[in-house]
Amino acid sequence: YNPNQIGNTDSFGISTQFNGNGDKLFIGASNKGKGNTVYGTGSIFIYTGNGSNWSQYFEISGDSNITNLGRSLAVNSSGNVLMAGGFDSKEFAITPTSGLVYVYTGSEKNWNKVVVLSGSISSGAQFGNSISLNASGTVAVIGGFFWNEFNFSTSSFATGAAWIFTGSGSNWGEAARITGYSNRY
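Residues numbered from 1 in each chain as written. Predicted model: local features only at pLDDT ≥ 70, side-chain atom pairs only at ≥ 80, totals over all residues. Heavy atoms only, no water.

Caption draft 1: The arrangement of the nonpolar core in detail. Among the nonpolar cores identified, the biggest contains 17 residues, and M83, L117 and W172 are the most heavily contacted of them. For this core, the secondary structure elements donating two or more residues are β6 (81–86), β7 (100–107), β8 (110–117), β9 (130–133), β10 (139–151) and β11 (156–168). No other element matches β11, which puts three residues into this core. With residues near it in sequence (within four places) discarded, L117 still touches M83, L100, V101, V103, F127, I142, F165 and W172. In terms of nonpolar packing, the next biggest core, distinct from the first, is built from 15 residues, I44, I46, A84 and V116 among them. (Core = buried A, V, L, I, M, F, W, Y, C linked by side-chain atoms within 4.5 Å. Buried < 20%, exposed > 50% of the residue type's maximum accessible area, 1.4 Å probe, protein only. Helix = DSSP H or I, 4+ residues; strand = E, 2+ residues; numbered from the N terminus. Contact = heavy atoms within 4.5 Å.)

This is how it looks when you write it as structure tokens:
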């Protein structure tokens with residue numbers, strides 16, 4: 001670990017995840033690379049160790065298409081599938097607050113972005129604000145607390161949503177969307 005890599009506005013620790021054995025630690029720094037912009041591209045720092053002995057062995061850095069990478073994290077039990085939310089991503093020309101989830105696979109110092117998940121999102125949904133991944137890394141639930149949709153047949157608004165995705169590697173698909181409805185007009 002090199003403390004000089006982390007700036008005072010990088011939001012290091014905004015999200016954290018262990019693998020199943022607790023010997024791999026993933027830490028998000030969603031504002032890393034901020035410079036003179038409102039949001040940074042973000043980074044995810046990966047550590048190995050146990051107890052009080054931890055060593056950084058890799059950093060996944062956001063690029064120009066990613067904003068706030070690492071805002072949320074989920075890792076499978078083996079620690080070889082990682083999902084990371086980009087809170088204000090601009091990829092795919094989606095509005096900046098829609099959000100995306102980046103899926104990485106790898107081990108040690110070899111990590112690759114294999115797919116980007118967007119779901120059936122609406123503008124401003126904050127998709128990817130929360131992520132949970134099952135132990136095998138084949139089922140994910142992704143939250144978007146600002147998802148909003150008016151249902152004309154029931155005269156109600158959806159107030160947030162959770163998307164279920166299934167898959168592996170670069171083959172992921174949306175299986176379901178669960179919404180919360182209220183009777184606000």
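Caption draft 2: View of the sheet that holds strand β5 (residues 69–75). On the basis of which strands lie adjacent, the open sheet formed by four strands has the order β5-β6-β7-β8 and antiparallel pairing. In the strand order of this sheet, the two ends are held by β5 and β8, each with one partner. Taking each pair of neighbouring strands and ignoring which way they run, the sheet shows an average axis angle of 30°. Pairing geometry for β6 and β7, over six bridges, is antiparallel. Looking at β7, one finds that M83 is bridged to V103. (Pairing = 2+ DSSP bridges. Axes fitted to C-alpha atoms, helices over the stretch in contact; angles between N-to-C directions.)

Caption draft 3: Region of interest: the pairing of β8. Direction of pairing for β7 relative to β8: antiparallel, over a ladder of seven bridges. Residue pairing for β8: V103 is matched across the bridge by V115.

Caption draft 4: Looking closely at the sheet that holds strand β2 (residues 24–29). An order of β1-β2-β3-β4 is seen for the four strands of this open sheet, with the pairing classed as antiparallel. Across the chains shown, the open sheet's two edge strands, defined by having one partner strand only, are β1 (12–18) and β4 (53–61). The sheet shows a mean angle of 25° between the axes of neighbouring strands, taken without regard to direction. Bridging between β1 and β2 involves five bridges; their strand directions are antiparallel. Looking at the pairing, F12 lines up with A29 of β2.

Caption draft 5: Up close: unusual backbone geometry. A positive phi angle, close to 45°, is found at E108, a residue other than glycine. With respect to the element layout, E108 can be found in the loop between β7 and β8.

Caption draft 6: Focus on the packing of aromatic side chains. According to the stated counting rule, one finds five aromatic pairs in the structure shown. A centroid spacing of 5.6 Å and a plane angle of 65° characterise the contact between F12 and F45, whose relative ring orientation is edge-to-face. With F12 in strand β1 and F45 in strand β3 (residues 43–50), this pair connects stretches of sequence that are 33 residues apart. Measuring from centroid to centroid gives 5.9 Å for F26 and W111, while their planes differ by 85°, and the two rings are edge-to-face. Here F26, found in strand β2, pairs with W111, found in strand β8; they are 85 residues apart in sequence, far enough to count as distant. Neither F26 nor W111 differs from the other in exposure class; each is buried. A network of ring pairs unites the aromatic residues F127, W163 and F165 as a single cluster. (Phe/Tyr/Trp six-rings, centres within 6.5 Å; stacked < 30°, edge-to-face > 60°.)

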